[in-house]
Amino acid sequence: MAEAADFQGTSPSPARRWLRRTGALLAAAPLLAGLCQLPATPSAQAADNSGSVSVAIDTVSPTAPTDGDALTVSGTVTNNGKQAVTAAHVGLQVGPELNTRSSIDTVTDDQDSLQGSTGSEVGGKYVAKFARLTPGVAQPFSISVPVDELDLGDPGVYQFAVSLSGKTSAQPWDQPLGIQRTFLPWQSDEADPKTKTTFLWPLISTVHMTAETGSNAQQTPVFLNDDLAEEISAGGRLDQMLSLGENLDVTWVIDPDLLASVDAMTRSYRIQGAGDTTTPGTHQALAKQWLARLQKAVEDKEVVALPFADPDLASLAHNGTSVTGSLSHLDEATDVAATTVRTVLHVTASTDFAWPVNGAVDPSIVKVATSAGADKVIARSDSLQETAGLSYTPSAARPIGGGTTAVVADARLSTAFQGDLTKASSATLAVQRFLAQSLALGLQTDKQRSIVVAPQRMPTASQADAMAEAITALQGGNWSQTQKLTAAAAAKPDPGATTKVPSASAYPSSLRKQELPKWAFQQTASTRNKLDNFKVILSDQSRVVTPFGRAMNREMSTSWRGRATEASGFRSDVEAYLDELTSQVSLIDKSETKLSGRSATIPVTVQNNLVQGVEHLRLRLTSLSPNRLEIGGSSYDEQAVEVSGGHSQTVKFTTTANANGKASVIAQLYTEDGQPYGEAVRFDVKVTEFTATVMLVIGGGVLLLVLAGFRMYTQRKRAAAREAEQNGPDDEADEAVDGPKNPEGPDDRLKEETGTGPGADDPEQPSDLTADTAAESADPSGTGERVDR
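Rules used in this analysis
- Residues numbered from 1 in each chain as written.
- Predicted model: local features only at pLDDT ≥ 70, side-chain atom pairs only at ≥ 80, totals over all residues.
- Heavy atoms only, no water.
- Salt bridge = Lys/Arg side-chain N within 4 Å of Asp/Glu carboxyl O.
- Buried < 20%, exposed > 50% of the residue type's maximum accessible area, 1.4 Å probe, protein only.
- Helix = DSSP H or I, 4+ residues; strand = E, 2+ residues; numbered from the N terminus.
- Phe/Tyr/Trp six-rings, centres within 6.5 Å; stacked < 30°, edge-to-face > 60°.
- Core = buried A, V, L, I, M, F, W, Y, C linked by side-chain atoms within 4.5 Å.
- Axes fitted to C-alpha atoms, helices over the stretch in contact; angles between N-to-C directions.
- Parallel < 35°, antiparallel > 145°, perpendicular 65-115°, else oblique.
- Left-handed = near helix turned anticlockwise from the far one by under 90°.
- Contact = heavy atoms within 4.5 Å.
- Nonpolar A, V, L, I, M, F, W, Y, C, P; charged D, E, K, R; others polar.
- Expected span 1.5 Å × (residues − 1).
- Bend = angle between axes of the 7 residues up to and from the residue.
- Pairing = 2+ DSSP bridges.
- Patch = residues over 30% accessible without salt bridge, like charges linked within 9 Å, V, L, I, M, F, W, Y side chains within 5 Å.
- Areas by Shrake-Rupley, 256 points an atom, 1.4 Å probe, with all protein chains shown as cover.
- pLDDT = per-residue confidence, 0-100.
- Polar contact = N/O pair within 3.5 Å; in protein donor to acceptor, adjacent residues only side chain to side chain.

Looking now at the pattern of salt bridges. Inspection of the entire model under this criterion finds 24 salt bridges. Here Arg267 makes a salt bridge to Asp263, at a shortest N to O gap of 3.2 Å. The class of Asp263 is partly exposed, set by a relative accessible area of 24%. Put simply, Asp579 and Lys530 hold a salt bridge, and the shortest N to O gap is 3.1 Å. Of this pair, Asp579 sits in helix α19 (residues 564-582) while Lys530 is found in helix α17 (residues 518-535), placing the two residues 49 residues apart along the sequence. When its relative accessible area of 30% is taken as the criterion, Lys530 is described as partly exposed. When salt bridges that share partners are traced, they join Glu332, Arg528, Asp532 and Lys535 into one network.

Structure, rendered in structure tokens:
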């Protein structure tokens with residue numbers, strides 16, 4: 001029955017099932033206990049290879065020891081576990097020689113792993129002991145040992161480790177609990193030959209200046225912010241680069257825009273504020289001091305000038321060449337570079353070098369890089385990779401066709417100082433790794449080579465510190481000698497080195513994602529077109545062309561990578577400010593104009609609110625109804641316009657009306673080459689024309705006046721005749737005896753008749769009994785009376 005119950009398809013009773021499971025658990029208990037004592041599986045160990053104690057190497061001095069030196073290593077150990085570590089000690093371990101550069105990479109990847117060989121411990125008195133390491137508490141250590149005790153052999157790179165061993169309550173036996181691996185370059189004698197090494201020392205910053213300038217004669221510049229003052233002040237990034245670089249034998253690679261910006265700060269400048277406000281800058285003395293130090297630092301050093309504002313060559317090659325005019329910006333940036341360096345630093349800089357981002361190249365980048373006159377392109381070995389299977393690193397110079405030389409920087413050395421190096425331990429590891437790679441490179445062959453190191457464009461202050469420490473050690477070492485970049489580019493190429501530029505598909509996608517888009521170049525082209533249209537009307541073009549030209553160079557800067565929003569905002573601000581300036585020259589709006597008569601003039605006013613005069617403008621007035629209203633004898637007329645700064649000019653156009661009613665008119669400014677300038681002004685003209693009927697009415701009125709005057713004249717003649725008849729013969733007799741009562745000559749009678757003689761004003765004269773105006777007298781006027789018309 002019991003066996004039958006365990007057959008497939010049958011179910012045991014609950015009691016039996018419980019007893020069986022309990023028995024199985026009791027039987028497995030010893031086995032489980034034994035399994036718990038077994039070592040962890042490899043996968044479990046891999047999850048915690050770094051150990052429970054972290055070891056940090058803060059200093060290695062000297063970084064590259066030679067015979068007779070004492071090596072001092074200091075740092076900290078920190079118990080990251082939950083249990084205290086007792087009977088602990090820190091020891092130094094010298095591992096085997098690393099014969100290849102890739103083996104150095106491998107050690108770097110496993111620098112804090114407890115797995116793998118580390119060599120034997122120096123031991124003896126060259127240890128640091130700790131009775132107890134409390135969890136979470138960092139403990140410092142320092143060990144100094146004569147180099148002779150390290151038992152170093154032939155020149156080379158040796159793995160060097162600092163490890164901590166100790167006990168815990170759970171594992172009460174001595175065991176390694178933490179380790180930190182680094183490298184010890186060993187070259188006790190002068191190497192023959194030495195590697196010629198060129199280290200680029202970049203002075204490059206982000207964009208700081210806007211296109212806006214003051215209206216004063218000095219054109220006070222406006223800065224985006226006050227960040228540049230922070231960078232050049234004590235402890236700032238650029239101050240640190242200068243302080244360190246002036247004591248090193250390096251090739252200075254400088255963005256002229258940085259020089260122009262600091263130089264602008266030496267005079268009056270303003271900082272952009274909220275809205276349209278600006279505040280005065282106050283760091284003139286700081287800028288003068290920094291520039292003076294830089295001038296002294298480079299006076300006998302090699303200086304390479306990048307194109308102004310360090311344009312993004314890859315973005316231009318991949319997205320900008322299809323936009324008309326984009327390459328012209330690169331030409332301008334190259335042309336102004338040498339002038340800026342010479343003006344500010346008083347040295348002659350080389351402008352023969354182009355430096356794409358991270359030294360990544362493809363055929364289009366090389367083509368763009370050399371289009372502005374540069375015949376040398378600074379590439380990097382992780383882009384222009386070796387394909388011939390060389391067993392050593394070749395010299396930097398490579399002819400890549402078309403008279404162009406690729407100066408290929410070593411990728412391992414160039415990227416040694418990236419990342420967060422604010423901690424002393426991180427910086428020390430970077431320095432030791434750099435020196436190890438440099439020595440390993442030199443020991444690859446007995447051929448002398450020229451090697452170039454091109455670090456990141458804008459190192460942080462901590463990265464610059466580490467770079468300077470490594471360069472100082474390298475220049476004081478036994479296996480390298482300094483060489484200028486121009487000499488490295490001119491060195492004899494290695495015949496086995498690759499000269500094939502990688503295809504566009506090989507360009508890193510991570511870099512392509514950060515490029516300026518095509519529409520960014522289209523926006524810059526739009527700004528350029530507006531500037532070209534604006535500058536032709538100015539009496540002093542340099543006040544606008546220079547600041548806007550440099551602003552458009554800045555729109556293409558490499559420093560916008562990773563800051564797409566800020567880049568877009570900068571471009572929009574430049575274009576908006578240009579639009580604002582352009583709008584300062586405009587036509588004043590007009591309301592409806594009334595035009596009476598057949599011919600008249602229409603005034604149009606041009607306002608110039610700029611501080612400088614405008615010229616080479618033409619104002620065109622166009623009638624949209626030429627059958628009703630003609631301007632200048634046709635449908636339109638135009639006149640030249642010149643307006644002084646801050647003034648206006650009114651231009652008058654002659655018009656001819658052909659019919660009554662409204663006629664629409666458009667006023668538009670044009671440049672001399674026929675391009676419209678600014679907004680057009682449209683207004684209506686109400687025409688009231690004098691027609692033939694009106695002229696007939698006026699003519700009839702004049703005729704009536706003439707007839708009325710003639711009637712007055714005949715009435716006065718008749719009145720005079722009647723008066724003579726009434727006097728009769730008696731009057732004639734009296735006149736014969738006594739003479740005439742009123743003797744008068746012909747002249748006196750004429751004066752009386754014309755109203756100018758004595759009788760004209762005598763109220764007693766009979767002829768004045770009737771009114772002397774045609775409007776009030778119905779009688780005929782006297783002989784010779786004048787009628788005013």
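So, on to the packing of aromatic side chains. With the rule as written, the count across this model stands at seven aromatic pairs. Considering the side-chain rings of Phe199 and Trp201, the 6.4 Å spacing of their centres and the 50° angle between planes classify their relative orientation as tilted. For the pair shown, Phe199 and Trp201 are each scored as buried. Centre to centre, the rings of Phe548 and Tyr577 are 5.7 Å apart; their planes meet at 15°, and the pair counts as stacked.

In summary, soluble globular proteins display a tendency toward joint burial of nonpolar side chains. Phe534, Phe548, Leu619 and Leu621 are the most contacted members of the largest nonpolar core, which totals 74 residues. In this structure, Phe183, Phe223, Leu248 and Tyr269 belong to the second largest nonpolar core, which totals 67 residues.

To continue, consider the environment of Gly325. By the element assignment, Gly325 lies in the loop between α9 (313-320) and α10 (326-345). Separated by 204 residues in sequence, Gly325 and Asn529 place their C-alpha atoms 9.4 Å apart.

Once that is clear, we can look at the packing of helix α18 (residues 542-555) against α19. Interaxial distance between α18 and α19 falls to 9 Å at its minimum, and their mutual angle equals 160°. By the criterion of interaxial angle, the relationship of α18 to α19 is roughly antiparallel. Crossing hand, α18 versus α19: left-handed. Here Phe548, Ala551, Arg554 and Glu555 of α18 lie close against α19, whose contacting residues are Phe570, Arg571, Val574, Tyr577, Leu578 and Leu581. Counted by class, the contact of α18 with α19 contains seven nonpolar, no polar and three charged residues.

A separate point is the side chain of Gln437. Secondary-structure assignment places Gln437 in helix α13 (residues 424-442). When neighbours within four sequence positions are excluded, Gln437 is seen to be in contact with Arg101, Ile104, Asp105, Arg412 and Leu413.

Between its first and last C-alpha, α10 extends 29 Å over 20 residues, near the 28 Å set by a 1.5 Å rise per residue. At Ala337, α10 shows its strongest bend, of approximately 25°. Residues Ser326, His329, Leu330, Ala333, Thr334, Val336, Ala337, Ala338, Thr340, Val341, Val344 and Leu345 constitute the buried set of α10. Once α10 ends, the next one or two residues include His346, with phi positive near 60°.

With that out of the way, let us pick up the sheet that holds strand β22 (residues 585-587). Across the sheet, four strands lie side by side as β22-β24-β28-β26; this open sheet has antiparallel pairing. For this open sheet the edge positions go to β22 and β26 (629-631), each flanked by a neighbour on one side alone. Mean inter-strand twist for the sheet, computed between neighbouring axes without regard to direction, equals 35°.

Below, the discussion takes up a nonpolar patch on the surface. Together, Leu703, Leu704 and Leu707 make up a nonpolar patch on the protein surface, roughly 320 Å² of accessible area in all. Take Leu704: it is sitting in helix α20 (residues 692-738). For Leu704, a relative accessible area of 60% corresponds to the exposed category.

In spatial order, the strands read β10-β11-β13-β14; together these four strands make up an open sheet with mixed pairing. Looking at the sheet topology across the chains shown, the edges are occupied by β10 (209-213) and β14 (278-280). Strand-to-strand twist across the sheet, computed as the mean angle between neighbouring axes with direction ignored, equals 35°. Pairing of strand β11 (residues 221-223) with strand β13 (residues 270-272), which is carried by two bridges, proceeds in the parallel orientation.

With that settled, the discussion passes to the packing of helix α7 (residues 256-265) against helix α8 (residues 284-298). Relative to each other, α7 and α8 sit at 135°, their axes nearing to 7 Å. With respect to α8, the element α7 is oriented oblique. Facing α7, whose interface residues are Leu258, Leu259, Val262, Asp263 and Met265, α8 presents Gln284, Ala287, Trp290, Leu291 and Leu294.

This part takes up the environment of Thr593. Tracing the chain through its elements places Thr593 in strand β23 (residues 593-596). Overall, Thr593 belongs to the buried group, its relative accessible area being 17%. Here the alpha-carbon distance between Thr593 and Ala663, two residues 70 residues apart in the chain, equals 9.8 Å. With near-sequence residues (within four places) excluded, Thr593 lies in contact with Phe683, Asp684, Val685 and Lys686.

Before going further, it helps to spend a moment on the confidence of the model for the chain. Confidence in the prediction of the chain, expressed as mean pLDDT, is 86, and 83% of residues score 70 or more. The model gives residues 1-48 a pLDDT under 50, and that stretch makes 11 contacts with residues more than four places away or in other chains. With pLDDT under 50 throughout, residues 729-789 is counted as low confidence; its partners more than four residues away or in other chains account for 63 contacts.

Before going further, it helps to spend a moment on α9. The buried count for α9 comes to seven of eight residues, which makes it a mostly enclosed element. Each element contacted by the buried residues of α9 is listed here: α10, β16 (353-354), α11 (363-371), α16 (509-512) and α17. Its side-chain oxygen 3.4 Å from the backbone nitrogen of Ala314, Asp312 forms the N-cap of α9.

The subject of this paragraph is the pairing of strand β28 (residues 648-657). Along any regular strand, the residues point their side chains to alternate faces of the sheet. For strand β24 (residues 599-608) and β28, the ladder comprises nine bridges, and the chain directions are antiparallel. Opposite Gln607, over in β28, you have Ser648 as the bridge partner. Bridge analysis of β26 against β28 gives three bridges, and the strand direction is antiparallel. Each bridged residue has a counterpart across the sheet, and for Glu630 the counterpart in β28 is Thr656.

The next thing to look at is the pairing of strand β30 (residues 676-688). Across four bridges, the pairing between β23 and β30 is parallel. By the bridge assignment for β30, Lys594 is matched with Lys686. Pairing geometry for strand β29 (residues 661-671) and β30, over nine bridges, is antiparallel. Bridge pairing in β30 links Gly661 to Val687.

The next point concerns unusual backbone geometry. That bond from Ser61 to Pro62 is cis: its omega, -5°, falls within 30 degrees of zero. A cis amide bond links Asp192 to the next residue, Pro193, at an omega of 5°. For Pro193, the location among the structural elements is in the loop between β8 (175-186) and β9 (195-203). Despite not being glycine, Asp151 has its phi angle at roughly 55°, a positive value. With respect to the helices, strands and loops of the structure, Asp151 is situated in the loop between β6 (138-146) and β7 (156-167). According to the relative accessible area criterion, Asp151 is exposed, its value standing at 69%. One non-glycine residue, Asp310, adopts positive backbone phi at about 50°. Mapped onto the secondary structure, Asp310 falls in the loop between β15 (303-305) and α9.

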